[in-house]
Each structure stands twice: as structure tokens, then as C-alpha cells.
Amino acid sequence: MRRLLPLLAVLLLLATACTTAPGPDPGPGPDPKPTGDRWQPRPGLAWQWQLSGRLDPTVDVPVYDIDGFDHPASTVRDLHARGRKVICYLSTGAWEDFRPDAGRFPKSVLGEGNGWEGERWLDIRRTDVLEPLMAKRLDMCRDKGFDAVEPDNMDGYRNRTGFPLTAADQLRYNRLIARLAHDRGLAVGLKNDLDQIPKLLADFDFAVNEQCAEYDECGRLAPFVAAGKAVFHVEYELDTREFCPQARKLGLSSMRKRYELGVWRRPC
């Protein structure tokens, strides 16, 4: 889940940033063929993360992360034809009232709002309810041809969800999501949840992180890189000069994005 920003700050950010042109993006070369049954993204791969606006498929990077519901299989096929691997963004820890399957979630599993309009935390203890719902979502990612999944809102236990979630509850649920993805041949990324990296490293194929440089946390992602697993990282508030040197040293796949996660990007 993206960290919250006051509305005024967001408006100012958008007003001033819209005139900034993206910088050059040398990035590493194409990703090698996967080993085993699923894609294994390696450290340092350049990526594009676009969750809003008309998708621009022409950014010259080997990895795209896009919304799984918003895009048809034809979009994934087109990105594959352009030499991209494609990650399916899903919210697995929060309910969204704008999704086509929103009505299938009983009210008993819906908690407090997570700070984004139309979204509420899920009671991840209720795997009897959530497992079949998430399995269908991951079926969708597989059937559309995605290579991997980015499950969002995977750290509810550290937030005010309305449920007495524990670290153990989160570990069980995150491992469940990882297993469901792997059963479908999809690579899976650990989203944020830095505290549980030591226990979840073996279960996840890569990591996705927001603002680790701003909060002086990037070193905690080093186990992924040491294990040969990519860390896809963004910053919103910091200039690239402020975080790219450390990101390169750590082997992160880093860029600056705007909060709406549109086309604009400024890579390290």
C-alpha cells in the first residue's frame, strides 16, 4: 500500500511535476530465460509500474507491473511481444469497492478503511472465506498470461484494521498467497512488510517496496538481492540524486514515480 500523503501536498506535487521530463533509462539487458517452472527476476532489472492512465507499452524496460483487473489478455500478449515480463497487480489484503468481485466479500471480513477511497482492510484470519476469492483472482492473472503477481496490502497486522491481527496471522496469510501464486506457475513478490523478510524470503521470488530510502529502510531488503531475487523499488518524495547512489550499491531496481503511478518515471 502506498504511504499516505496529505491532499494539498499531492496537488502541489502533481502541479509542479507534470512539466518534468523523464530521464534516460539505460537499465540492464533483457532478463534471461527463467529456470524452473516460473520466472525468476534477477536483481537490477529495470521496470515500469503503471496503475493509472492509458498504458504506454513503449517504455524500454524488461519488466512491467500493471493492474490485473484493468487490462485484458491482449495487453499482456502485446507486452510479451515487445520482450517484457508482466506483473499482475492485485490487492490481496484489502477490499476495493470498485472491483468486479467486490460483492463476493461478506461484510464480516471487511474492516477499517486503509486510507484510500473505497478500500477497507480484510480480516486475513478468515482464510476459509478469502482463499477461494484470492484463488479466483490469481486464476485471472494466470489466464491472462501474466508472469508474476504483486499482492498489495500484505502488512495489515501493522495497521489499524479493525481486527486483532498478529504477526503470525500475517505470515500464514502471506505464505498462503505465495503458495496460490506458485501453484499457478506465477512468480510472487513480497510487498513492503519489511519486518517479516527474514521469515518470508524463501516463499517469495522478488520484493516490491515503496519509500525505503525516505524511511532509511533499504538495507533491510538486502537479503533478497543476496538470494539473487530482484527488489523493485520506488520513491515519491526524494530526488533521484538522494537515493540512487545507495540503490545502485544495494542492487535495487529503483526509480522515482508520482503518487498516481501513471506513465511518468525517473529511473536511477
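Being a predicted model, the structure only gives us computed values, none of them experimental.

Cut-off values and rules
Residues numbered from 1 in each chain as written. Predicted model: local features only at pLDDT ≥ 70, side-chain atom pairs only at ≥ 80, totals over all residues. Heavy atoms only, no water. Pairing = 2+ DSSP bridges. Helix = DSSP H or I, 4+ residues; strand = E, 2+ residues; numbered from the N terminus. Contact = heavy atoms within 4.5 Å. Axes fitted to C-alpha atoms, helices over the stretch in contact; angles between N-to-C directions. Buried < 20%, exposed > 50% of the residue type's maximum accessible area, 1.4 Å probe, protein only. Core = buried A, V, L, I, M, F, W, Y, C linked by side-chain atoms within 4.5 Å. Arc of directions from axis to C-beta. Disulfide = S-S within 2.5 Å. Left-handed = near helix turned anticlockwise from the far one by under 90°. Nonpolar A, V, L, I, M, F, W, Y, C, P; charged D, E, K, R; others polar.

*Asks:* Quick question: what am I supposed to make of the sheet that holds strand 7 (residues 148-152) here?
*Replies:* In a beta sheet, neighbouring strands are held together by backbone hydrogen bonds and run either parallel or antiparallel to one another. One open sheet accounts for 9 strands, arranged 1-2-3-7-8-9-10-11-12; its pairing is mixed. Strand pairing shows two members of the sheet lacking a second neighbour, strand 1 (47-50) and strand 12 (266-267), which therefore form its edges. The pairing of strand 7 with strand 8 (residues 187-191) spans 2 bridges and is classified as parallel. When the bridges of strand 8 are listed, Val149 appears paired with Val188. Strand contacts of helix 4 (residues 167-183): strand 7 and strand 8, with the helix running at about 160° to strand 8, the strand carrying the most contacts.

*Asks:* I would appreciate a short explanation of the environment of Asp205 in the present structure.
*Replies:* Here Asp205 shows up in the loop between helix 5 (197-200) and strand 9 (206-210). With a relative accessible area of 3%, Asp205 lands in the buried category. Spatially, the C-alpha atom of Asp205 lies 5.5 Å from that of Val188, the residues being 17 residues apart in sequence. Those residues in contact with Asp205 that lie beyond four places of it in its chain are Arg38, Gln40, Pro41, His182, Leu186, Ala187, Val188, Lys229 and Ala230.

*Asks:* Explain the nonpolar core here, please?
*Replies:* Counting 61 residues, the largest nonpolar core has Leu90, Phe105, Leu122, Leu130, Phe146, Phe204 and Phe224 as the members making the most contacts within it. Counting residues per element, this core draws most heavily on helix 3 (residues 127-144), at 8 residues. Those residues in contact with Phe204 that sit more than four places away from it in its chain are Met154, Asn174, Ala178, Val188, Gly189, Leu190, Phe224 and Lys229. Core analysis: the next-biggest nonpolar cluster, separate from the first, contains 19 residues, Leu51, Val63, Tyr89 and Ala148 among them.

*Asks:* Help me understand helix 2 (residues 73-81) in this model?
*Replies:* An α-helical turn contains 3.6 residues, so any two residues separated by three or four positions project in the same direction. Residues Thr75, Val76 and Leu79 constitute the buried set of helix 2. All buried residues of helix 2 lie within an arc of 100° about the axis, which places them on one face of the element. The exposed residues of helix 2 that point more than 90 degrees off its buried face are Arg77 and Ala81. Taken together, the buried residues of helix 2 touch strand 2 (63-67), strand 3 (85-91) and helix 3. A positive backbone phi angle near 85° is found at Gly83, which sits one or two residues after helix 2.

*Asks:* For this particular structure, what's the right way to read the state of the cysteines?
*Replies:* Linking two cysteines covalently via their sulfur atoms produces the bond known as a disulfide. Counted according to the given criterion, the structure contains 3 disulfides. Here Cys212 engages in a disulfide with Cys218; their sulfurs sit 2.0 Å apart. Between Cys212 and Cys218 the sulfur-sulfur dihedral comes to about 85°; the bridge is accordingly right-handed. Cys212 gets classed as buried once you look at its relative accessible area, which sits at 0%. Paired by a disulfide, Cys244 and Cys268 hold their sulfur atoms 2.0 Å apart. Disulfide Cys244-Cys268: the torsion about the S-S bond is -85°, which places it as left-handed.

*Asks:* Please explain the packing of helix 3 against helix 4 as it appears in this structure.
*Replies:* Helix-helix packing is described using two parameters, namely the angle between the two axes and the distance between the axes. Running from N to C, helix 3 and helix 4 cross one another at 35°; their axes reach a closest spacing of 10 Å. By crossing handedness, the relation of helix 3 to helix 4 is classed as right-handed. Along its contact with helix 3, which presents Thr127, Leu130, Glu131, Met134, Ala135 and Leu138, the element helix 4 presents Tyr173, Leu176, Ile177, Arg179, Leu180 and Ala181. By residue class, the composition of the contact of helix 3 with helix 4 is 9 nonpolar, 1 polar and 2 charged.

*Asks:* What is the right way to look at the sheet that holds strand 6 (residues 119-122) in this model?
*Replies:* With respect to topology, 3 strands assemble into an open sheet ordered 4-6-5, the strand pairing being antiparallel. Two strands in the sheet have a free side with no partner beyond their single neighbour: strand 4 (94-96) and strand 5 (110-113). Averaged over all adjacent pairs, the angle separating strand axes in this sheet is 40°, with direction ignored. When strand 5 meets strand 6, the two strands line up antiparallel, connected through 2 bridges. Pairing of Leu110 across the sheet is with Leu122, part of strand 6.

*Asks:* What am I meant to see in unusual backbone geometry here?
*Replies:* Negative phi is the rule for most residues except glycine; trans is the rule for most peptide bonds. You will see that Gln211, though not glycine, has its phi angle at about 65°, which is positive. For Gln211, a relative accessible area of 1% puts it in the buried group. One non-glycine residue, Leu261, adopts positive backbone phi at about 55°. Position of Leu261 among the secondary structure elements: in the loop between strand 11 (253-256) and strand 12. What makes Leu261 buried here is its relative accessible area of 0%.

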